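# Breakdown of the fold
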Amino acid sequence: MSTLSWNCRGLGNPRARQFLENIVVQKKPNFLFLCETLCRKDTIERLRIKLGFEGAYCVDVQGHKGGIAMLWRYSDGVRLLGFSNSHIDIEVVSLNLTPWRLTGFYGEPNRSLRFKSWQLITTLSTESQLPWCIIGDINNVGNQNEKKGGRPYPSSLIEGFQHVLQSCDLVDMELKGHPYTWERGKGSENWVEIRLDKALVTHPWLDTFPNAVLTNGDVSSSDHTPIFLEPAPAISTVPVHLFRFENAWTREPICAQIFSILLGFEYASATSRKDQHMQQTSWRLGEKLNL
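Figured I'd write up the structure that's included with this text. (Residues numbered from 1 in each chain as written. Predicted model: local features only at pLDDT ≥ 70, side-chain atom pairs only at ≥ 80, totals over all residues. Heavy atoms only, no water.)

### Some words on the overall build of the protein
The secondary structure content of the protein amounts to seven helices and 16 strands. Counting only residues that meet the buried cut, the protein has 44% of its 291 residues in that class. Carbon and sulfur atoms form 53% of the exposed surface of the protein, whose accessible area is close to 16300 Å². (Helix = DSSP H or I, 4+ residues; strand = E, 2+ residues; numbered from the N terminus. Buried < 20%, exposed > 50% of the residue type's maximum accessible area, 1.4 Å probe, protein only. Areas by Shrake-Rupley, 256 points an atom, 1.4 Å probe, with all protein chains shown as cover.)

Right, dumping it as structure tokens:
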């Protein structure tokens, strides 16, 4: 149930399409969310076929900006819940797992209108009780440590983001790897790096996927790096019982008879170094049994 999210800054760029194709081959995500596609449905449909996904839904570019798309590897168990220019919402049902909700999200790029993003997340949080994951370019930081270079991030925007996390009971997942997902002016005195791309999850989602890991991509053809979420559902562990020789066995005649037969079989069939190691182990056990 892995998810790859990337602000591609336009799929009309051949370099962006090649990069996307390479990373999908490498990561093999079950879901792919794209922001700022700057394209229409026909382009996403061709991309879906080329990348080997069974289903997709997109919101077309508005003029010369925006455009989002969600692609899924298998159509079984996926249901579209809703969409807008800023999000695509789906329900995911899979074998042996609680149904959950995945929302691809593109935060309002205009800071003066950022409140619209918080309003949308708040509204979406009331529409379902399913374990919930929001992933995408949120376009906001959670604290000043998520920005390097340039002026401090506006405290009012940080407070607005923190408020929506608390009111919707969302957790901003830790990002493994490089701590920033967007950059500008690399190598210059005006170099700025910010963590704008995030995965926000509810506690029930974390209960369903307690081993989930969010990783930052190393490189990108865009000014955003892709982020990769691996839910890794909890797997019940079976205790491993190691073999231990019990001295009490040496007093059991039937045990000696059984082992004597097995010992003869091992010596007759040993052909490899591993078999020879088993022979030596068997010989030591045979000594204990006085064979």
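### Topic: the sheet that holds strand β9 (residues 147-148)
Taken together, the three strands give an open sheet; going across it, the order is β9-β13-β12, and neighbouring strands pair in antiparallel fashion. Only two strands of the sheet have a single neighbouring strand rather than two, namely β9 and β12 (182-184). (Pairing = 2+ DSSP bridges.)

### A closer look at the sheet that holds strand β5 (residues 78-83)
Across the sheet, six strands lie side by side as β5-β6-β7-β8-β14-β10; this open sheet has mixed pairing. Edge positions in the open sheet fall to β5 and β10 (170-172), since each of these has one partner strand only. Each strand of the sheet is rotated relative to its neighbour by a mean of 20 degrees, with strand direction disregarded. In the sheet, strand β8 (residues 132-137) pairs with strand β14 (residues 197-202) via five bridges, with the strands oriented antiparallel. Counted as the bridge partner of isoleucine 134 is leucine 200 from β14. Contacts from helix α3 (residues 115-125) reach β6 (87-92), β7 (100-106), β8 and β10 within the one sheet, and its direction differs from that of β7 by about 170 degrees. (Axes fitted to C-alpha atoms, helices over the stretch in contact; angles between N-to-C directions. Contact = heavy atoms within 4.5 Å.)

### Considerations on the environment of asparagine 30
With respect to the helices, strands and loops of the structure, asparagine 30 is situated in the loop between α1 (14-27) and β2 (31-35). As a C-alpha pair, asparagine 30 and methionine 1 span 29 residues in sequence and 5.4 Å in three-dimensional space. Not counting chain neighbours up to four residues away, the residues in contact with asparagine 30 comprise Met1, Ser2, Phe53, Leu71, Trp72, Arg73 and Tyr74. Of the polar contacts made by the side chain of asparagine 30, one reaches the backbone nitrogen of methionine 1; its length is 2.9 Å. (Polar contact = N/O pair within 3.5 Å; in protein donor to acceptor, adjacent residues only side chain to side chain.)

### Focus: the pairing of β14
Of all six residues in β14, six are buried; the element is thus mostly enclosed. Alternating positions in β14 separate into two faces, Asp197, Ala199 and Val201 on one and Lys198, Leu200 and Thr202 on the other, with burial throughout. Across three bridges, the pairing between β10 and β14 is antiparallel. Bridging from a neighbouring strand, aspartate 172 pairs with leucine 200 of β14.

### A few points about the pattern of salt bridges
If you walk through the whole model with that rule in mind, you get 13 salt bridges. Close ionic contact of arginine 195 with aspartate 172 constitutes a salt bridge, the shortest N to O distance being 3.5 Å. In this pair, arginine 195 sits in the loop between β13 (192-194) and β14 while aspartate 172 sits in strand β10, placing the two residues 23 residues apart along the sequence. Of the residues examined, arginine 195 reaches a relative accessible area of 6% and is grouped as buried. The network of salt bridges with common partners includes Glu146, Asp172, Arg195 and Lys198. (Salt bridge = Lys/Arg side-chain N within 4 Å of Asp/Glu carboxyl O.)

### As for helix α4 (residues 155-167)
Taking 1.5 Å per residue as the helical rise, α4 with its 13 residues ought to reach 18 Å, and the 18 Å between its terminal C-alpha atoms agrees with that figure. For α4, the set of buried residues is Leu157, Ile158, Phe161, Val164 and Leu165. Down the axis of α4, the buried side of the element spans an arc of 130 degrees, and every buried residue falls inside it. Turned more than 90 degrees off the buried face of α4, the exposed positions are Glu159, His163 and Gln166. Elements that come into contact with the buried residues of α4 comprise α3, β10 and β14. Phi turns positive, to about 55 degrees, at aspartate 169, one or two residues after α4. (Expected span 1.5 Å × (residues − 1). Arc of directions from axis to C-beta.)

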